[in-house]
Amino acid sequence: MVDDFHEMEFGNSHWTRVTPLTQPYQWSCSSSAIHQHIIRQDTQSEEARHILSGATTATTSSAFGGRSRARYAMRGANGLALVNGRVFTGDHQLRWSDALIITRGKISFVGSTEDVLRQIGPDFEVINVQGRTVIPGLNDAHMHHTPDPAGIRLPIQPYNEIGFEDVSELIAEAVSCSPPGTWIFGAMGVQLINEPRLNRFEIDRLAPDHPVIFLGRTNHTNIVNSKAMKLLGLSDGDPDPVGGFFERVPGSIELNGRIHEYAQWSPQRLFASMTTIEQGVESLNDLADSCLEFGITTLQNMSWTPIARYAEMLAAADLPIKIRAIRFPPSGPQGRILSEGFDIPTEVGPRARIDGIKWILDGTTVERAAALGRPYADDPTTMGRENFSADEVGEMLRESVALDVPLLLHAIGTQALETAISCLETFVPVQDWGRRGLRIEHADGLTAEQIGRVKLLGIMVVQNPSHFLLRHIYGPRFGEDVLFASFNSLRRSGISLGIGSDGPLNPFIGLMAAVTHPARPEEAVDIEAALIAYTSGSAAAEGKASEKGRLLPGYDADIAVLSQDIFSVDPRALPETRSILTIVDGQVVYCADESLFVRPA
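Basis of the calculations
- Sequence order as written defines residue numbering, which begins from 1 separately in each chain.
- Since the coordinates come from a predicted model, pLDDT governs what is reported: local features require at least 70, and pairs of side-chain atoms require 80 or more to be given and counted, while whole-chain, interface and lining totals use all residues.
- Hydrogen atoms and water are omitted, and side-chain values are computed over all heavy atoms in the structure.
- Only DSSP runs of H or I with at least four residues qualify as helices, and only runs of E with at least two residues qualify as strands; both kinds are numbered from the N terminus onward.
- Note on classification: 1.4 Å probe, protein chains only; a residue is buried when its accessible area is under 20% of the maximum for its type, exposed when over 50%, partly exposed between these limits.
- The Shrake-Rupley method, run with a 1.4 Å probe, gives the accessible areas here. Residue values count only the displayed protein chains as cover.
- Each axis is a line fitted through C-alpha atoms, and for a helix only the stretch in contact is used; angles between axes span 0 to 180 degrees, taken between their N-to-C directions.
- With respect to orientation, any angle under 35 degrees is reported as roughly parallel, any angle over 145 as roughly antiparallel, any angle of 65 to 115 as roughly perpendicular, and every other angle as oblique.
- Take the far helix as your reference; a near helix turned counterclockwise from it by less than a right angle gives a left-handed crossing, and one turned clockwise gives a right-handed crossing.
- Residue contacts follow a heavy-atom distance rule, with two residues in contact if any of their heavy atoms lie within 4.5 Å.
- Given the number of residues in a helix, its expected span is that number minus one, multiplied by 1.5 Å.
- In this analysis, strands are considered paired if DSSP registers two or more bridges between them.
- Within the patch definition used here, like charges are joined within 9 Å and nonpolar side chains (Val, Leu, Ile, Met, Phe, Trp, Tyr) within 5 Å, considering only residues with over 30% relative accessible area and no salt bridge.
- What makes a salt bridge here is a side-chain nitrogen of Lys or Arg within 4 Å of a carboxyl oxygen of Asp or Glu, nothing more.
- This arc is taken over the directions from the axis of the helix to the C-beta atoms.
- Side-chain atoms within 4.5 Å link the members of a nonpolar core, which is a set of buried Ala, Val, Leu, Ile, Met, Phe, Trp, Tyr and Cys residues.

Another aspect to go through is the overall build of the chain. If you tally the helices and strands in the chain, you get 19 helices and 29 strands. Here the chain, with 601 residues, has 63% of them falling under the buried criterion. Of the roughly 20700 Å² of accessible surface on the chain, a fraction of 50% belongs to carbon and sulfur atoms.

As C-alpha cells, this is what we get:
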C-alpha cells in the first residue's frame, strides 16, 4: 500500500521530493489509498469493505474533472432562485419543499416552484436543479487543518500498519535523496504509535543530520529525533509540562524522543509556525476547494498553527467558505498558557472569525490513553490518564465565564468525562452552559447515567462518526459489554448533537458511519437525524443555530445541491456523493454544471 499511497498522493513525482506538508490525514484523507485502508484495516468484514469500496475519489481530482472552482458574480440585481428541487429544509415542521428564493445572502422564501416563479422578476438569476436533492451547507464542527513547512513526507499514512523495519528503510531512502537539514515527516498508525523501537536514538542512527518528526494518528503522541529536538526547543532535562509528559531513558533525565499530550503541543506548534504565510494560503485554498466539492460551507478548525499566525493566513486567503478558528493553546511546566489569541481581532475577514478555546482532558483509545477509570479490556495493565486535575478543569470553567468565551473540552474516557461533568454540576454560581456554548468533544466513554446528567446540564456533544469505523479498536478497548461511542442514545436523550470530521474531510463518510455505526449498530441513526446533526446541530455548536443550518426564511443562504439523493441511496454509496453546486451567503462559489443556470419561462 506504500505504492498505492505514492501513486494517489504524488502522481508521477517521487515521494522524496521536498513539498509542503499539509497533514492530509487531518483534513483531506480521502485518497484511494487511505479509503482502501479504512476498508481493509479498520472494518474487517465483507459488508464493511463494500461500504467504502466506492469512496475512492481523491480530493485532488474532483469527480467532475479537476479541482477548478467556478465563482459567479450575481448577475441578477435582486437575487437568486432555486427551482424544481427536492429541498430538505432541516425544519421539523416544514421538512421538504421544492424551491426557494435568496436575497441579500439570506433565504427569503421557501415554497413551490410555481410560487417562486410568480414572486421573482426578470432580474433574478434562476437555477433549475432538475429534481436534485438540495440540503443546507454542511458544517464540519471539529477538524484540525494545519499547514506545515516544506520537507519530505514519507509515503505512509496512519491507516497503514507498516512495521519498524519498513519505516527504517523509508527514512534511509529519504536521507540519501536530500541534503542535511531537510525535514522528514511521517505519520503513525496504531502499530507505530505503540512501537518502542521508534524513538530518538534509532531515528538518529538513520538520520543524524536530518530533523525527523512523526505525528501520531490522533496527534496525542509524537516522536522526534535529536536534530528535530534542537530545532523545536527541546532539551534533556526539560520538565514535563502541565497536561503532558516526555518519555525518558530509565533512571535518567535524557529524553527518548517520544512525547505525549501537552508535551508535544508546543513543539508541534513551533514546527507548524515554520510554514510561510504563502504556504498557509495555498494550503487553505486547497482545503476550501475540497470543501466546496463536498458541499461544506463552514469549518470549525482547531489548528496546531498558533492562532495569530493562522489568522494571518486566513486574512490573506480570503476564502469562499466560512471558518471559525478556535484557540488551541499549549501549556508549560508552570501551567496552561492562557493569554494566546486574545490580543488580536476576532473578525479575521468577511467569512473568518476567532472564537472559543479548547482544552484536552485526556488522550484517546488508540494509545490506550483515554482515562477510563478502570483497566482497558484488552490490556489490564493500563487505564489511561487524565491530563488535568479537577481543580484545573474548574479553572477552565471560571476562565470561560470571566472571558465570556465558549469552552470546548475534549473528553473521551469515562473518568475524564466524570471529572468534567462533576465540575460543571458543582460550579458556583450556577451557569447556563448551553447558552455559553460549552461543548464536549467525542464523549465516547459516556455511561447511561452520565448521559442523563449531560442532558440536565444543557451542554452539547460533538461526535465524529468516522471514528465508528474503527470497531477493531473501540470494542476491544472498552469491552463489548460496555456502552461506548454513543450516538443514537445521545439523540434520544435530547442532547444537542453536532458532527465533525476529525479525520477524512469527506462528510458523506461521516454520514455513512452515522447511519451504519459498524462499532455498535444499535447506536446508528437515520439519514435525516445524521444530516441535521451535520448542519443545524453543528451550527448550534458554534453558537449560530438561529442563523445557519436550515433552509428557512431569515437563515444564511449556505446550500449544497447534491449529485445523488442521499435519502434514498444505499448507505454504502453515500461516500460517492459530491456537491454539484455550492452556495455560500447567496453566492454561487462552486458549480460543476453550468447548464443549471436558466431564466424563468
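For the rest of this paragraph, the subject is the packing of helix α13 (residues 390–403) against helix α14 (residues 414–425). Their axes nearest at 9 Å, the elements α13 and α14 cross at an angle of 55 degrees. The angle between α13 and α14 falls in the class oblique. Considering how the two elements wind past one another, α13 and α14 form a crossing that is right-handed. Of the residues in α14, those touching α13 at Ala390, Val393, Gly394 and Leu397 are Thr419, Ala420, Cys423 and Leu424.

Here we come to α13. Compared with the 20 Å implied by 1.5 Å per residue over 14 residues, the 20 Å span of α13 between its first and last C-alpha is a close match. Looking at α13, one finds that the buried residues are Val393, Gly394, Met396, Leu397, Glu399 and Ser400. Check the buried side of α13 and you find it contacts β19 (335–336), β21 (352–360), β22 (407–411) and α14. Positive phi appears at aspartate 404, one or two residues downstream of α13, with a value of about 55 degrees.

Another aspect to go through is the environment of isoleucine 412. Turning to its location among the elements, isoleucine 412 is positioned in the loop between β22 and α14. The sequence separation of isoleucine 412 and isoleucine 360 amounts to 52 residues, and the corresponding C-alpha distance is 9.5 Å.

Two modes of strand pairing occur in sheets, parallel and antiparallel, and in both the strands are linked by backbone hydrogen bonds. Pairing within the open sheet is mixed, and its five strands lie in the order β6-β5-β2-β7-β29. Two strands bound the open sheet, and with one partner strand each, they are β6 (106–111) and β29 (597–598). Relative to strand β5 (residues 99–103), strand β2 (residues 80–83) is paired through three bridges, and the arrangement is antiparallel. If you follow leucine 82 over to β5, its bridge partner there is leucine 100.

The sheet built from six strands is open, its strands ordered β4-β3-β8-β26-β27-β28 with mixed pairing. Only two strands of the sheet have a single partner each, and these edge strands are β4 (96–97) and β28 (587–591). Pairing geometry for strand β27 (residues 579–584) and β28, over four bridges, is antiparallel. Following the sheet pairing, valine 584 is matched in β28 by glutamine 587. Where helix α11 (residues 277–294) meets the sheet, it contacts β27 and β28, and its direction lies at approximately 110 degrees from that of β27.

A cluster of nonpolar side chains, Leu231, Leu270 and Met274, forms an exposed patch at the surface whose accessible area comes to about 230 Å². Inspection of the secondary structure assignment puts methionine 274 in the loop between α10 (265–273) and α11. A residue is classified by how much of its surface remains accessible, and methionine 274, at 33% relative accessible area, is partly exposed.

The next thing to look at is helix α15 (residues 448–457). Where α15 is concerned, the buried positions are Gln450, Ile451, Arg453, Val454 and Leu457. Angular distribution of buried residues about the axis of α15 spans 165 degrees; they occupy a single face of the element. When the buried face of α15 is taken as reference, the exposed residues oriented beyond 90 degrees from it are Ala448 and Leu456. Looking at the buried positions of α15, the neighbouring elements they touch are α14, β24 (460–463) and α17 (488–493). The first or second residue beyond α15 is glycine 458, which carries a positive phi of 80 degrees.

Attention now moves to the nonpolar core. Counting residues in each nonpolar core, the largest one holds 104 residues, and the members touching the most others are Leu299, Leu314 and Leu361. Looking at this core, the element that brings in the most residues is α11, giving eight residues. Non-local contacts of leucine 314, meaning those with residues more than four positions away in its chain, are made with Leu284, Leu319, Ile323, Ala325, Val348 and Ala352. The next biggest cluster of nonpolar side chains, apart from the first, holds 25 residues, and it includes Ile162, Val190, Ile203 and Leu470.

Counted according to the given criterion, the structure contains 33 salt bridges. When the shortest N-O distance is used, the salt bridge between glutamate 247 and arginine 258 registers 3.5 Å. Linking glutamate 247 in strand β14 (residues 244–248) with arginine 258 in strand β15 (residues 255–261), this pair joins segments that are eleven residues apart in sequence. On the basis of relative accessible area, arginine 258 is assigned to the buried category, the value being 6%. We note a salt bridge from arginine 453 to glutamate 418, for which the minimum N-O separation is 2.9 Å. You can see arginine 453 sitting in helix α15 and its partner glutamate 418 sitting in helix α14, a full 35 residues away along the chain.

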